[in-house]
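# What the coordinates show
The primary structure of each chain is shown beneath.
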Amino acid sequence: MWKSWPNRVIAILIIVGVGLSLTFIGPPSQAVTRARDVAVATGVVQSTVSATGNLQPAQTVNVNFVTGGVLTGLDVKVGQHVTQGQLLGSIDRKDAQTALTTAQANLTSAQAHLLQIEQPLTPTAAAQNAVAVGANRASITTAEHGVTEARASAASDAKSQANTVKQAQDGVSNAQASEQVDAKTMATAISQAQAQLTTDQNQVTADTNQQAADQASVTGDTNQANADQATVNSDQSALTSAQSTQLADGCPTSGGGSSGGSSSGSTAPAACTADDLAVNQAQSRLTSDSSKLSSDKSTLAADQSKVAADPGKIAADGAKVTQDGNTITNATNSQASGTLKDKQSVQSAENQLTNAKTAQAAAKLKDDQSITQAESQVTQADQQLASTEAGNAVKAAPPQPGDLAAAQTSVETAQVSVEEAEQTLSETDVRAPVTGTIASIDGSVGQTVAGGGSASSSSSGSSTSSSGTGAGTGSGASATGTGSGTGSAATTSTTAGSSSTGSSSSSSSTAFVTIDGVEGLQLKGSFAETDATKLKVGQLATVTVNAVPNGELAARLIEIDPVGTVASSVVTFNALFQITQTEAGVKPGMSASVKVIVQSVPDAVNVPSGALGRGGGGQTLTVLKNGKTSVVPVVVGVQGDTSDQILSGVSAGDEVQIAAPSFSTSTSTATGTGRTGAATGLGAAAAGGLGGAAGGFGGGGFAGGGGRGGG
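Residues numbered from 1 in each chain as written. Predicted model: local features only at pLDDT ≥ 70, side-chain atom pairs only at ≥ 80, totals over all residues. Heavy atoms only, no water.

A separate point is the overall build of the chain. A count of helices and strands for the chain gives six helices and 31 strands. When each of the 711 residues of the chain is scored for burial, the buried share is 32%. A fraction of 79% describes how many contacts in the chain between residues 6 or more apart in sequence connect residues 24 or more apart. (Helix = DSSP H or I, 4+ residues; strand = E, 2+ residues; numbered from the N terminus. Buried < 20%, exposed > 50% of the residue type's maximum accessible area, 1.4 Å probe, protein only. Contact = heavy atoms within 4.5 Å.)

Turning our eyes to something else, we now look at the state of the cysteines. By the definition in use, this model includes one disulfide. Two residues, Cys 251 and Cys 272, share a disulfide whose sulfurs are 1.9 Å apart. Between Cys 251 and Cys 272, the S-S torsion sits near -90 degrees, and that sign places the bridge as left-handed. Taken together, the residues Cys 251 in the loop between helix H3 (123-248) and helix H4 (269-396) and Cys 272 in helix H4 connect sequence positions 21 residues apart. Note on accessibility: Cys 251 and Cys 272 belong to one class, buried. (Disulfide = S-S within 2.5 Å.)

Before going further, it helps to examine the environment of Glu 118. Structurally, the position occupied by Glu 118 is in helix H2 (residues 94-118). Counting along the chain gives 286 residues from Glu 118 to Leu 404, while the straight-line C-alpha distance between them is 7.3 Å. Apart from the residues lying within four places of it in its own chain, the contact partners of Glu 118 are Leu 404 and Gln 408.

A word on the packing of H3 against H4. Running from N to C, H3 and H4 cross one another at 170 degrees; their axes reach a closest spacing of 3 Å. Comparing the axis directions of H3 and H4 gives the class roughly antiparallel. Looking at side-chain class alone, the contact of H3 with H4 contains 49 nonpolar, 47 polar and 33 charged residues. (Axes fitted to C-alpha atoms, helices over the stretch in contact; angles between N-to-C directions. Parallel < 35°, antiparallel > 145°, perpendicular 65-115°, else oblique. Nonpolar A, V, L, I, M, F, W, Y, C, P; charged D, E, K, R; others polar.)

In terms of nonpolar packing, the biggest core is built from 24 residues, with Leu 55, Phe 527, Leu 535, Phe 577, Val 594 and Val 596 touching the most fellow members. Elements that contribute at least two residues to this core include exactly strand S3 (41-57), strand S17 (521-528), strand S18 (540-545), strand S19 (552-560), strand S21 (570-579) and strand S22 (591-608). Discounting residues that sit within four places of it in the chain, Leu 55 has contacts with Leu 521, Gln 522, Leu 523, Val 543, Val 545, Ile 579, Val 586, Lys 587, Pro 588, Gly 589, Met 590 and Ala 592. If you look at the next biggest cluster of nonpolar residues, it comprises 19 residues, including Val 76, Val 434, Val 449 and Phe 512. (Core = buried A, V, L, I, M, F, W, Y, C linked by side-chain atoms within 4.5 Å.)

With that out of the way, let us pick up the sheet that holds strand S9 (residues 436-441). The four strands lie next to each other as S4-S16-S9-S6, forming an open sheet whose pairing is antiparallel. The open sheet has two edge strands with one neighbour each: strand S4 (61-63) and strand S6 (81-82). Bridge count between S4 and strand S16 (residues 513-516): three bridges; the pairing is antiparallel. Across the sheet, residue Asn 62 finds its bridge partner in S16, namely Thr 514. (Pairing = 2+ DSSP bridges.)

Turning next to the packing of H2 against helix H5 (residues 401-426). Taken N-terminus to C-terminus, the directions of H2 and H5 make an angle of 160 degrees; their axes are 8 Å apart at the nearest point. What the angle tells us is that H2 and H5 run roughly antiparallel. Along this stretch, H2 crosses H5, giving a crossing that reads as left-handed. Taken together, the residues of the contact of H2 with H5 sort by class into 15 nonpolar, ten polar and three charged. (Left-handed = near helix turned anticlockwise from the far one by under 90°.)

This model, assessed by the stated rule, comprises two aromatic pairs. Relative to Phe 512, the ring of Phe 65 has its centre 5.1 Å away and its plane inclined at 40 degrees; by these criteria the two rings are tilted. Separated by 447 residues along the polypeptide, Phe 65 in the loop between S4 and strand S5 (69-74) and Phe 512 in the loop between strand S15 (494-504) and S16 bring together distant segments of the chain. As far as burial versus exposure is concerned, Phe 65 and Phe 512 are alike and both buried. Plain terms: the ring middles of Phe 527 and Phe 577 are 6.1 Å apart, the flat faces sit at 50 degrees to each other, and that makes the pair tilted. Taken as a pair, Phe 527 in strand S17 and Phe 577 in strand S21 lie far apart in primary sequence, 50 residues in all. (Phe/Tyr/Trp six-rings, centres within 6.5 Å; stacked < 30°, edge-to-face > 60°.)

Another point: the confidence of the model for the chain. Considering every residue of the chain, the mean pLDDT works out to 78; 78% of them sit at 70 or more. Element-level mean pLDDT values for the chain span from 34 in strand S31 (residues 678-682) up to 95 in strand S7 (residues 87-91). Taken together, the stretch residues 257-265 has pLDDT below 50 and engages in nine contacts with residues farther than four places along the chain or on a different chain. Counted against residues more than four places away or in other chains, residues 665-711, with its pLDDT under 50, gives 154 contacts. (pLDDT = per-residue confidence, 0-100.)

Turning our eyes to something else, we now look at the pairing of S9. Put simply, side chains in a regular strand alternate between the two faces of the sheet. Across two bridges, S6 lies against S9 in antiparallel orientation. In the sheet register, His 81 faces S9, and the bridge partner there is Thr 437. Strand direction decides the pairing type here: S9 and S16, joined by four bridges, are antiparallel. Within S16, the position partnered with Ile 441 by the bridge is Val 513.

Another point: the pattern of salt bridges. By the definition in use, this model includes five salt bridges. The residue Asp 228 makes a salt bridge to Lys 292 at a minimum N-O spacing of 3.3 Å. Separated by 64 residues along the polypeptide, Asp 228 in helix H3 and Lys 292 in helix H4 bring together distant segments of the chain. Since its relative accessible area comes to 6%, Asp 228 is described here as buried. One salt bridge connects Lys 364 with Asp 368, and the closest N-O pair in it is separated by 3.5 Å. Of this pair, Lys 364 and Asp 368 are both found in helix H4, four residues apart, which corresponds to roughly one turn of the helix. (Salt bridge = Lys/Arg side-chain N within 4 Å of Asp/Glu carboxyl O.)

In this section: H2. Working note: α-helix, 3.6 residues per turn, so residues spaced by three or four point in the same direction. Its 25 residues give H2 an end-to-end C-alpha distance of 36 Å, which sits within 8% of 36 Å, the value for a rise of 1.5 Å per residue. Regarding H2, the residues found buried are Ala 96, Leu 100, Ala 103, Leu 107, Ala 110, Leu 114 and Ile 117. Of the surrounding secondary structure, the elements contacted by the buried residues of H2 are H5. (Expected span 1.5 Å × (residues − 1).)

With respect to the helices and strands, the residue Thr 253 is situated in the loop between H3 and H4. Through-space distance from the C-alpha of Thr 253 to that of Val 279 is 9.5 Å; in sequence the pair is 26 residues apart.

Moving on, we come to the sheet that holds strand S10 (residues 448-449). Within a sheet, adjacent strands bond to each other through the backbone by hydrogen bonds, running parallel or antiparallel. One open sheet holds the four strands; their spatial order is S8-S7-S5-S10, and the pairing between them is antiparallel. The open sheet has two edge strands with one neighbour each: strand S8 (429-431) and S10. Relative to S7, S5 is paired through three bridges, and the arrangement is antiparallel. Residue pairing in the sheet places Gly 73 in a bridge with Ser 90 of S7.

Structure follows, in structure tokens:
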């Protein structure tokens with residue numbers, strides 16, 4: 001069946017190529033461009049990723065948290081039967097909740113900023129502006145009152161300055177009389193202070209001499225006390241020695257009885273008499289010398305008290321000398337300052353007279369300035385009123401397109417952040433992706449469990465990829481293709497494909513939960529690393545079985561390999577899908593493709609893919625209005641498979657123009673690369689010639705898509 005199928009397709013492509021050649025034949029290098037007009041629509045914008053693979057019996061499923069954390073809940077046990085969607089366990093959600101709260105606050109702030117741009121002049125702001133206008137008018141009235149008050153102040157100032165002149169003249173006479181009295185008083189005070197200074201200086205000298213004598217006495221007393229102490233120490237040693245001899249001789253001590261003796265009898269009385277005498281003499285010397293030491297220490301203490309008191313007396317008398325000097329200095333200063341003060345008083349009175357006259361002129365100038373200032377304030381209030389009204393007009397103007405677009409983009413970005421934070425929060429719970437039985441659990445409440453999403457299945461499998469090439473050359477109205485096909489200038493290509501089978505085995509870290517006893521069929525697909533980043537466990541998918549008519553089956557993503565597979569420097573990630581419905585004739589081993597919806601926006605303003613252009617550093621649309629076109633900058637949201645979401649710049653119902661691709665009738669070669677193969681064919685690359693990027697069998701067609709390139 002499959003051997004004849006590619007031949008049929010080749011025949012169809014040859015027919016299509018002939019038709020295209022009839023349409024686009026023309027002079028060499030002649031471009032044909034046709035634009036079409038479409039209306040901006042509202043609907044679902046959807047982005048998908050796809051892969052191919054083979055159906056296989058259900059396998060054991062390893063389940064992990066998306067990210068690691070401390071396990072706070074374990075809701076199943078080994079051997080328990082679970083159904084799809086049942087809660088298996090939870091990790092600490094504090095950080096995820098905090099991130100969600102922050103994202104929600106940022107969204108609220110962005111929405112408020114957008115509202116401010118959309119409605120720049122709120123009723124409250126308008127009321128505030130009206131208040132400002134009223135305040136400006138009140139300022140005019142206040143300034144006019146200031147002019148009247150300044151004129152009244154001038155008359156009052158003239159009377160006050162005349163009284164000041166008379167007071168200054170009286171002050172000159174009083175200052176001259178005071179000068180003579182002050183000179184006599186200060187001279188007497190200086191003479192008395194000098195006499196007292198001489199007396200106090202003599203007393204300080206006497207105090208210093210007495211301190212030296214007292215210090216000498218203390219030195220002598222100290223030396224004598226030290227000598228007495230040495231004598232007492234010697235007497236004590238002698239007494240101790242005599243007592244030791246007395247005890248050694250077995251003589252009775254002053255306490256009575258004998259403290260010792262030999263076994264042969266007591267010591268002779270003559271020896272004891274001598275010992276008693278020696279002890280008594282030593283005791284007498286010790287008592288006498290101790291008494292002398294005590295007396296000398298008393299003398300030393302008395303002399304030390306004198307020495308201690310001497311600095312205080314010297315300091316007190318020195319303070320008197322200092323005070324006497326200060327008194328003389330103060331008296332001298334007072335004499336000088338008194339004389340200066342009297343002269344200054346006369347000069348001050350004369351200055352006050354001059355100042356009074358000057359103040360009279362200054363008061364008049366000040367009053368004139370006050371009037372001028374009040375009039376200036378009236379002018380300023382008029383200008384402020386005009387400025388406020390102009391500002392109100394600016395605030396009431398519609399927002400600038402760039403500001404509005406930026407604010408809308410901020411809201412959209414903040415909304416995405418909230419959705420991502422909500423997703424992260426939901427991922428603190430892990431649920432059963434399929435129905436089955438708990439085979440193992442790795443972890444307990446309080447332990448830290450690893451993340452990485454659902455791991456690869458525990459079994460290994462094989463995947464088939466194919467690659468192919470297609471080539472053709474042609475010019476004018478006919479062409480001969482390399483291989484087995486002939487075509488026209490619009491391109492017909494044939495494909496030679498080869499298939500290869502490789503083996504890949506899954507690898508993963510220990511799963512948090514392993515589920516076995518899974519029923520039904522599964523599909524393992526290999527996704528490019530850029531597509532794999534968009535996949536999440538639980539996403540819905542559609543599996544199309546090539547061999548079964550109407551063979552579209554619902555499926556759910558249950559596992560994603562945490563580690564990619566590298567083949568020929570290309571990184572891919574395997575994903576496992578559980579097929580959730582059945583269809584007659586579907587069997588394990590059949591080839592199939594899977595399409596996963598990774599992003600979907602309902603009720604989105606959108607345009608067909610290909611309508612967007614670029615200009616001014618951003619993306620644009622060509623808008624058609626009243627028969628004329630204009631390029632409008634737009635903010636783009638989700639870019640889907642067949643349409644692109646427009647956040648701002650155009651509205652639903654607007655007409656936009658889409659430029660058709662340019663076709664050339666000259667000879668050209670296009671190269672396309674599929675998932676695992678590449679092809680070269682004839683045709684314009686922009687138009688996607690049959691063997692080019694639009695994919696003959698060796699390009700984006702069967703070989704590139706993992707199809708029948710091997711024939």
